[in-house]
Amino acid sequence: PSAMREVAIDVPKVRWGDIGGMEAVKLKLKQAVEWPIKHPESFRRMGIQPPKGILLYGPPGCSKTLIAKALANESGLNFLAIKGPELLSKYVGESERAVREIFRKAKAVSPAILFFDEIDALAVERGSSSGSGMLTDRVLAQLLTEMDGIEQLQDVTILAATNRPDMIDKALMRPGRIDQIIYVPLPDEATRREIFKLHLRNMPVSEEVCLDNLVNSTKKYSGAEITALCKEAALLALQENIEAKTILAKHFHHALEIVTPRIPDSLIQ
Ligand code: ATP
């Protein structure tokens, strides 16, 4: 069985507007990827090159994957996604072949974004005790080789995501490989507000529910946890009465006790 069967090529449907807030991160990625595609002559004029690869790092559930998809969609790029651990096949030589294959595919459908989620699984610092040792070393070497085939990779932008940037091998972070690093933080107040608005838009929320209260009660929540909170409140309303027509403030209060923020401080900057 090949790791490649996991890889689907598609243009994702996520739009920038589907991602609440995160304005600074969106802008940085537009500058890095969208602008060079839409205005190549401006970049030539300024004598600057777009980044070859970008690392998105930050706590889990804070929209790294959503952002990668929106970027591809809004820039008119094909999108190939693979999770680091999926590439670590137990068959000898299989993992390296999977790496070669995914780059070949990306070139074939370029312009494209090649998204490596959980890149830390592949790119753990060589010689470190975590990771699967020899195998990750070989897969990482193959990854570096592919990234250095830079001329042929002209229209392929590498995006990688991790919660653990400290685990990533320095060789991957050289200029010409992953040469831009963007922190994707926990949602701030403005972003939490936008995430709530997006999720509650299609839910029958009672007028007594105060958005400000929800925003203030969810410090340290990730976007994914806010999503889970909204869903939990709706389920609690149904649990009380399967015919319920609205979600009340008490359901949100109860949901706040059930869905609590889980991100360890060590992952927050
Ligand atoms: P991981 O590190 O666990 O892979 P991630 O940072 O890639 O997480 P996503 O998978 O993009 O996070 O987000 C998880 C889910 O959380 C999304 O599918 C979405 O429902 C919700 N979410 C997170 N951030 C936002 C946001 N800013 N706006 C709307 N929804 C969000």
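Residues numbered from 1 in each chain as written. Predicted model: local features only at pLDDT ≥ 70, side-chain atom pairs only at ≥ 80, totals over all residues. Heavy atoms only, no water.

- Looking at an unreviewed UniProt entry, the chain carries the name AFG2 AAA ATPase homolog A, with the source organism given as Erpetoichthys calabaricus.

What to know about helix H5 (residues 94-108)
So, step 1. When the terminal C-alpha atoms of H5 are compared, their 21 Å separation across 15 residues agrees well with the 21 Å that a helix rising 1.5 Å per residue should span.
So, step 2. Listed in full, the buried residues belonging to H5 are Glu-94, Ser-95, Glu-96, Ala-98, Val-99, Ile-102, Phe-103 and Ala-106.
So, step 3. On its buried side, H5 packs onto strand E3 (78-83), helix H4 (84-87), strand E4 (112-117), helix H6 (134-148) and strand E5 (156-162). (Helix = DSSP H or I, 4+ residues; strand = E, 2+ residues; numbered from the N terminus. Expected span 1.5 Å × (residues − 1). Buried < 20%, exposed > 50% of the residue type's maximum accessible area, 1.4 Å probe, protein only. Contact = heavy atoms within 4.5 Å.)

Points about the side chain of Lys-64
So, step 1. Position of Lys-64 relative to the elements: it lies in helix H3 (residues 64-75).
So, step 2. For the buried Lys-64, no salt bridge is present, and the opposite-charge side chain at shortest range is Asp-117, 6.5 Å distant.
So, step 3. In terms of polar contacts, Lys-64 uses its side chain to reach the backbone carbonyl oxygen of Pro-59, at 2.9 Å.
So, step 4. With residues near it in sequence (within four places) discarded, Lys-64 still touches Leu-56, Tyr-57, Gly-58, Pro-59, Phe-115, Ala-161, Thr-162, Asn-163 and Val-184. (Lys, Arg positive; Asp, Glu negative; His and termini not counted. Salt bridge = Lys/Arg side-chain N within 4 Å of Asp/Glu carboxyl O. Polar contact = N/O pair within 3.5 Å; in protein donor to acceptor, adjacent residues only side chain to side chain.)

Examining the site of the ligand
So, step 1. Every one of the 17 residues lining the ligand counts as a neighbour, but Gly-20, Gly-61, Lys-64, Thr-65 and Leu-66 are closest to it.
So, step 2. Backbone polar atom of Ser-63 to an oxygen atom of the ligand: 3.1 Å apart, as the coordinates give it.
So, step 3. At 2.7 Å, a side-chain N or O of Thr-65 approaches an oxygen atom of the ligand.
So, step 4. Burial of the ligand by the protein amounts to 77% of the accessible area it has alone, namely 640 Å².
So, step 5. Residues that form the shell around the ligand fall into these classes: 6 nonpolar, 8 polar and 3 charged. (Near = heavy atom within 4 Å. Areas by Shrake-Rupley, 256 points an atom, 1.4 Å probe, with all protein chains shown as cover. Nonpolar A, V, L, I, M, F, W, Y, C, P; charged D, E, K, R; others polar.)

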